[in-house]
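# A closer look at the structure
Chain by chain, the residues run as shown.
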Amino acid sequence: MKIITYPNPLLQTRSQEINLVDFDVKKLRKLARKMIKLMNKHKGIGLAAPQAGESLRMCVINSKAGCLLKDLILINPIIIERSMEKNIKKEGCLSLPKVQIDVERPMWIKIKTIDFEGRSFNLETGDLLARVIQHEIDHLDGMLIIDHITYNI
Ligand code: CO
């Protein structure tokens, strides 16, 4: 498995919602494991399924992004609340090698996501973890850090 890089159109396409009722969960778990491997191999802190060649709404987050006990797997994540306060930090992306861009994002978010059994759960987070999750959800919507460039004219 290789990381898809820009300008592959898959990176600019909205990924498909995962319907666990008629989806092969075994296959999905396998994909998640492969994505975690790929992310670690490239020392990434997050990876979205389209970056691994699958147009599906799933992403993995490295435990290091939030001092978590284990890596996070998010299926169909959506942001349900975001803070008014924003900050700007430099971001990179495994699909855009050597590119670093200042990206402004809310500092805090609340997301709703599901696990492999289809159980929904919420997660509230700030700091780096909030930034990484927003970056990965952007990928699921076909958005890249280069789409965040603003021009002051
Ligand atoms: Co990225």
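Up top you'll find the structure we're talking about.
Quick look at the structure, then. Just so you know, the residues in each chain are numbered from 1, in the order the chain's sequence is written. Only residues with pLDDT of 70 or above have their local features reported here, since the model is predicted, and side-chain atom pairs are shown and tallied only from 80 upward, although totals for entire chains, interfaces and linings are computed over all residues. Neither water nor hydrogens contribute to the side-chain values; these are computed over all heavy atoms in the structure.

## Things to note about a positive patch on the surface
Rule in force here: Here the term patch refers to residues with relative accessible area over 30% and no salt bridge, with like charges joined within 9 Å and nonpolar side chains (Val, Leu, Ile, Met, Phe, Trp, Tyr) within 5 Å. In short, Shrake-Rupley with a 1.4 Å probe defines the accessible areas, and a residue's cover is counted only from the protein chains shown. Criterion for a salt bridge: a side-chain nitrogen of Lys or Arg within 4 Å of a carboxyl oxygen of Asp or Glu. Counting rule applied: Lys, Arg positive; Asp, Glu negative; His and chain ends not counted. All charge positions are set by atom: Lys at NZ, Arg at CZ, Asp at CG, Glu at CD. Going along the chain from the N terminus, every DSSP run of H or I of four or more residues is numbered as a helix, and every run of E of two or more is numbered as a strand.
A grouping of K27, K30, R33 and K34 is seen on the molecular surface, where their side chains present a positively charged patch. Structurally, K30 is set in helix α1 (residues 25-41).

## A word on the sheet that holds strand β3 (residues 72-82)
We apply this condition: When DSSP finds two or more bridges between a pair of strands, those strands are recorded as paired. An axis is simply a line fitted to the C-alpha atoms; with a helix, the fit covers only the stretch in contact. Between two such axes, the angle follows the N-to-C directions and lies from 0 to 180 degrees. For this analysis, residues touch if any pair of their heavy atoms sits within 4.5 Å.
The strand order across the open sheet formed by 5 strands is β1-β2-β3-β6-β7, and the pairing between neighbours is antiparallel. The sheet is open, and its two borders are formed by β1 (46-48) and β7 (120-126), each paired with just one other strand. Averaged over all pairs of adjacent strands, the angle between strand axes in this sheet comes to 40°, irrespective of strand direction. Docked against the sheet, α1 engages β1, β2 (58-61) and β3, running at close to 40° with respect to β2. Helix α2 (residues 127-140) contacts β1, β2, β3, β6 (108-114) and β7 of the sheet and is inclined by roughly 125° relative to β7.

## Notes on α1
Turn by turn, an α-helix covers 3.6 residues, leaving residues three or four places apart pointing in a common direction. Quick reminder of the rule: Helix span, expected: 1.5 Å multiplied by one less than the number of residues in the helix. Think of it in three bands: residues with accessible area under 20% of the maximum for their type are buried, residues over 50% are exposed, and the middle band is partly exposed, with areas taken using a 1.4 Å probe on protein chains only. Within this analysis, the arc is defined by the directions that extend from the helix axis to the C-beta atoms.
The terminal C-alpha atoms of α1, which comprises 17 residues, lie 24 Å apart, in line with the 24 Å expected from a rise of 1.5 Å per residue. Those residues of α1 that fall on the buried side of the exposure criterion are L28, L31, A32, M35, I36, L38 and M39. Down the axis, α1 shows its buried residues gathered within 165° of arc, on one side only. Turned more than 90 degrees away from the buried face of α1 sit K26, K27, R33, K37 and K41, all of them exposed. Packed against the buried residues of α1 are β1, β2 and β3. Of the residues trailing α1, K43 is marked for its positive phi of about 55°.

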